[in-house]
Amino acid sequence: MTDRWTDRLSDYLDDALSTSDRRELESHIRDCGDCAAALEDLRAIVASARALAARDVERGMETDLWPEIEARLRDIPVRAVPEPVREPWPVHRLSFSMAQLAAACVAVLLLSATAVWFAHDWGRRETLARSAAGGGLITAVPATSAPAEAAQNEIASLKRVLDERRDRLDPSTLRAIEESLAAVEAAVEQARLALEADPDDPYLVAHLEEMASRQLTLLRRAVDLAGGAE
Amino acid sequence: MLASLAFAALTAFTLASDADTTIAVTPGTTLQVANYAGSVVVETWKRDAVRIEATHSEEDKIWIRSMDGVLLVKTTTSPKAQRNADIHITAPTWMNLEVSGTHTDVAVEGTRGALTVTTVSGDVEVAGSRGRAVLNTVNHDIRVIRGSGTVVTESVNGDCVLRSMDADTVDASTINGSVVFEGVYRPAGFYRLASHHGDVAVAVPGACNGTFAVATFSGGFTSAFPVSVTGANKGRRFQFALGDGRARIELKSFQGTIHLYRAGTRIPIQLHPESHEGLARDIEHFDR
């Protein structure tokens, strides 16, 4: 079940709400069991993401460029602009929603499915999954039922099928597909490493989700081109 | 050859090379075009009929089939034969279009129905779409001119260039290419422009009412005019509003630079050469 606060829970955890909104949301949570539960789930997701094993971050990613961006912003002459009329964002916006964070977490699980994950006892944790209805509804599903594992299996399966059917594709198509898959996989890996370095950044969470989704979509398409699933 | 056929009586037939066929269709019919390699060009007219002009090898066939409210135009060829077929279609403006290919360039002009384009190694060019347009290529560029309604573009290695837009909703994303957006930001409109490696360049008209949300991981941000940050979140994210801030504009680049430039001035980023050439060609072609 969702209400007008559901999509703002991540902002709340991110300390991105105004003082009045924060007070109002805290008051709402006391009376709304769904939101309170969703908030707890979100807290668990964030905590789990923090528990990711540290990995060497690619050179260049270690450098925090935000101060430089901030400095550039300061260098831009500032003029006063009217306070914007705050209207609810369209329901289809793609960042900061609970469902997307949850789906991104699934992607993190998928892409980081190593012994490290299991050492942190992910098997007993509940995670959130985006509903088929388009992200508006939240459904708690046990990680052991593993949408992450299913997705991981699908990627492995698609790669296996694609490898078996390489000769069904003409060389130029195969080259195009392989180059693109390499590009997407590199983007997934970069997003994953970035998220490990900064697990609280909602942009990185959403970006990893998007890149992982693109990888799966491209693999499915490649298999279709090679003759479809059997 | 020019033949007129009643759609209702049509089941399936093939076109000879250099064929020119016109088929009557009833409102609500969807046109599906599948061409493995070559080009598909779709223009529109007010007649309730579909004209199909095809140029292809004698060894290949173009099937035309109707079933369940769908008119299918499909090229059958051996993928390893590396032969192209060029299909030029004139369709009713109301018609929903689904175009797919692999090594296929696709150009569509003036459709008011839903439009879906999927190709791998081919450019996608759309002018004047008014319905929901979902455009996808893997290795080449997507260019949209004068799109309205909803426009979704997705590439992996190509650019997404959208100009003279008047759309309510835009979602343009690529991984290795750049994204350019020029046009109107409609009240309560939503615009998401994103790249992983590439730059994102957005033109801002003089009278702009939008809230811009900028996010990057290791990229930069430039602006040709003053902005006043109203919300700097943790990490490398911030917001600012222009005018009444009603439209929502999300600008994201993982590693590239996000540019704001004044509408009517030069695009501040380097696009793939083909994007420039193609765009110029499109404007000349579509604005005739």
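The coordinates are above.
Residues numbered from 1 in each chain as written. Chains lettered and ligands numbered in written order. Predicted model: local features only at pLDDT ≥ 70, side-chain atom pairs only at ≥ 80, totals over all residues. Heavy atoms only, no water.

1. Brief notes about the overall build of chain B
In terms of helices and strands, chain B carries one helix and 24 strands. When burial is assessed residue by residue, chain B has 61% of its 288 residues classed as buried. (Helix = DSSP H or I, 4+ residues; strand = E, 2+ residues; numbered from the N terminus. Buried < 20%, exposed > 50% of the residue type's maximum accessible area, 1.4 Å probe, protein only.)

2. Brief notes about the overall build of chain A
Along chain A, the regular secondary structure elements total nine helices and two strands. Secondary structure elements of chain A occur, N-terminal to C-terminal, as α-α-α-α-α-α-β-β-α-α-α. For chain A, with 230 residues in total, the buried portion stands at 46%. Sequence separation of at least 24 residues holds for 69% of the intrachain contacts in chain A that already meet a minimum separation of 6. (Contact = heavy atoms within 4.5 Å.)

3. Notes on the environment of Arg262 of chain B
Residue and element names in this part refer to chain B. Considering the arrangement of structural elements, one finds Arg262 in strand S24 (residues 257-262). On the accessibility criterion, Arg262 (43% relative accessible area) is partly exposed. For the pair formed by Arg262 and Phe225, sequence separation is 37 residues and the distance between their alpha carbons is 7.6 Å. In this structure, Arg262 is in contact with Val204, Ala224, Phe225 and Pro226, ignoring residues within four places of it in sequence.

4. Thoughts on helix H2 (residues 19-31) of chain A
Residues and elements named next belong to chain A. End to end, H2 covers 19 Å across 13 residues, agreeing with the expected 18 Å (1.5 Å per residue, within 8%). Considered for burial, the residues of H2 that qualify are Asp21, Leu25 and Ile29. Along H2, the residues classed as buried sweep out an arc of 75° about the axis, all on the same side. With respect to the buried face of H2, the exposed residues turned more than 90 degrees away are Thr19, Arg23, Arg30 and Asp31. (Expected span 1.5 Å × (residues − 1). Arc of directions from axis to C-beta.)

5. Focus on helix H9 (residues 202-225) of chain A
Residue and element names in this part refer to chain A. In this model, H9 (24 residues) spans 35 Å end to end at C-alpha, consistent with the 34 Å of a helix rising 1.5 Å per residue. H9 sits mainly inside the fold: 19 of its 24 residues count as buried. At the N-terminal boundary of H9, the capping side chain belongs to Asp201, with an oxygen 2.8 Å from the backbone nitrogen of Tyr203. Of the residues one or two after H9, Gly227 is the one with positive phi, at around 120°. (Polar contact = N/O pair within 3.5 Å; in protein donor to acceptor, adjacent residues only side chain to side chain.)

6. Things to note about the pairing of strand S3 (residues 19-24) of chain B
Residue and element names in this part refer to chain B. Counted residue by residue, S3 has five buried out of six residues, so it is predominantly covered. Sheet topology places S3 next to strand S5 (residues 49-55); six bridges connect them, and they run antiparallel. Of the residues in S5, the one forming a bridge with Asp20 is Glu53. (Pairing = 2+ DSSP bridges.)

7. Some points on the pattern of salt bridges
Side-chain pairs of opposite charge can arise whenever the charged atoms involved come near each other. Counted under the stated rule, the structure contains 20 salt bridges over all chains. For Glu154 of chain B, the salt bridge is made with Arg214 of chain A, and the minimal N-O distance between the two is 3.6 Å. On the criterion of chain membership, the pair formed by Glu154 of chain B in strand S14 (residues 148-154) and Arg214 of chain A in helix H9 is interchain, its members lying in two chains. A cluster of three or more residues bridged by salt bridges with shared partners is formed by Asp123, Glu125, Asp141 and Arg143 of chain B. (Salt bridge = Lys/Arg side-chain N within 4 Å of Asp/Glu carboxyl O.)

8. Concerning the side chain of Arg236 of chain B
Within the secondary structure layout, Arg236 of chain B lies in the loop between strand S21 (229-233) and strand S22 (237-242). Polar contacts involving the side chain of Arg236 of chain B include one to the main-chain carbonyl oxygen of Phe217 of chain B, which spans 3.0 Å.

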